[in-house]
Amino acid sequence: MQTISLAEAVKLKSILTKKVHELEEELRRVAYTTIEKGDSIPTPVRTVSTVEAELQEVRKDARTLDRLMYKANSENTVSFKNETVPLVEAIEWATQLRAEARLCKEMGASPKEEIQYGYAESTTVYKVALFEPEDYRQKAIQLEREAHKLSNLINAKNYTVTIAFNDEKYF
């Protein structure tokens with residue numbers, strides 16, 4: 001059986017998803033025709049059953065590819081921060097690092113103190129940060145670096161791991 005890298009599988013998954021959407025749209029187009037009363041129904045180039053069969057085949061390939069990718073992501077690991085973690089966990093970890101970096105960036109961009117308008121006419125009200133924005137700005141930079149490093153480790157691993165899948169129909 002032919003093999004492809006996990007990196008190729010990730011790209012192929014995207015292609016299969018797009019192909020499913022295209023075939024669903026085609027199915028909607030070929031499922032109906034408009035004719036005048038008494039005219040014969042034209043014979044389409046591609047029939048509903050032809051498109052349905054192709055759609056089912058692509059969906060099955062997508063499911064198979066998903067299963068193989070999930071298995072590979074569970075069985076293969078990367079080393080990060082003195083830990084060896086399965087790819088599936090590393091992918092989630094990178095996502096979490098990016099989310100944490102976004103939050104820290106937001107907090108790091110906030111002022112230490114700002115006047116709040118519209119609360120009282122005769123009293124000045126301030127919104128005061130109970131943290132140091134600069135610390136969070138620096139933390140965001142570090143978290144982004146870690147996310148990039150982990151993503152690079154995942155991508156590199158994706159090029160070394162292979163799965164048994166025939167992609168000739170799509171490439």
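Residues numbered from 1 in each chain as written. Predicted model: local features only at pLDDT ≥ 70, side-chain atom pairs only at ≥ 80, totals over all residues. Heavy atoms only, no water.

## A word on the pattern of salt bridges
What counts, and what does not: Here, a salt bridge means any Lys or Arg side-chain nitrogen found within 4 Å of an Asp or Glu carboxyl oxygen. A run of H or I in DSSP becomes a helix once it reaches four residues, and a run of E becomes a strand once it reaches two; helices and strands are each numbered from the N terminus. Burial classes follow relative accessibility: with a 1.4 Å probe on protein chains only, a residue under 20% of its type's maximum area counts as buried, one over 50% as exposed, and anything between as partly exposed.
This structure, assessed with the given rule, holds 14 salt bridges. Taking the shortest distance from any N to any O, the salt bridge between Arg46 and Glu26 comes out at 2.5 Å. You can see Arg46 sitting in the loop between helix 1 (6-30) and helix 2 (48-75) and its partner Glu26 sitting in helix 1, a full 20 residues away along the chain. One salt bridge in this structure joins Glu134 and Arg137, with 2.8 Å as the shortest N-O distance. You can see Glu134 and its partner Arg137 sitting in helix 4 (residues 133-160), 3 residues apart, about one turn around the helix. You can call Glu134 partly exposed: its relative accessible area is 40%.

## Focus on the side chain of Asn73
Convention followed: The contact criterion used is simple: two residues touch if any of their non-hydrogen atoms lie within 4.5 Å.
In this structure, Asn73 sits in helix 2. Relative accessible area serves as the criterion here: at 10%, Asn73 is assigned to the buried category. With residues near it in sequence (within four places) discarded, Asn73 still touches Leu6, Pro86, Leu87, Val88, Ile91 and Asn158.

## Structural notes on the side chain of Asn158
Within the secondary structure, Asn158 is located in helix 4. Overall, Asn158 belongs to the buried group, its relative accessible area being 9%. In contact with Asn158, not counting residues within four places along its chain, are Ser5, Leu6, Ala7, Val10, Asn73 and Leu87.

## Brief notes about the packing of aromatic side chains
Counted only if it meets this: Each aromatic pair joins two rings of Phe, Tyr and Trp (for Trp, the six-membered one) with centres within 6.5 Å, and gets the label stacked for planes under 30 degrees apart, edge-to-face for over 60, and tilted for any other angle.
Scanning the entire structure with this criterion turns up 2 aromatic pairs. Ring geometry for Phe80 versus Trp93: centroids 4.9 Å apart, planes at 80°, classification edge-to-face. Placement of Phe80 in strand 2 (residues 77-80) and of Trp93 in helix 3 (residues 87-108) is noted, with a sequence separation of 13 residues between them. Note on accessibility: Phe80 and Trp93 belong to one class, buried. Measuring from ring centre to ring centre gives 5.1 Å for Phe131 and Tyr136, while their planes differ by 75°; the resulting arrangement is edge-to-face.

## Description of helix 4
Let me state the cut-off plainly: Here a helix's expected span is defined as the number of its residues, less one, multiplied by 1.5 Å.
Here helix 4 contains 28 residues, and its C-alpha end-to-end distance of 41 Å stays within 8% of the 40 Å for a straight helix at 1.5 Å per residue. Looking only at helix 4, the buried set comprises Pro133, Ala140, Leu143, Glu146, Ala147, Leu150, Ser151, Ile154 and Asn158.

## Points about the packing of helix 1 against helix 2
For any two helices packed against each other, the geometry comes down to the angle between their axes and how far apart the axes lie. Which entries qualify depends on this criterion: Each axis is a line fitted through C-alpha atoms, taken for helices only over the stretch in contact, and angles between the N-to-C directions span 0 to 180 degrees. Roughly parallel covers angles under 35 degrees, roughly antiparallel covers those over 145, roughly perpendicular covers 65 to 115, and oblique covers all other angles. Should the near helix be turned anticlockwise from the far one by less than a right angle, the crossing is termed left-handed; should it be turned clockwise, right-handed. Here the nonpolar group is Ala, Val, Leu, Ile, Met, Phe, Trp, Tyr, Cys and Pro; Asp, Glu, Lys and Arg are the charged ones; every other residue, Gly included, is treated as polar.
Where helix 1 contacts helix 2, the two axes come as close as 9 Å, and the packing angle between them is 155°. Between helix 1 and helix 2, the crossing angle belongs to the class labelled roughly antiparallel. When you trace helix 1 past helix 2, the crossing you get is left-handed. When the residues that make up the contact of helix 1 with helix 2 are grouped by side-chain class, the tally is 17 nonpolar, 1 polar and 9 charged.

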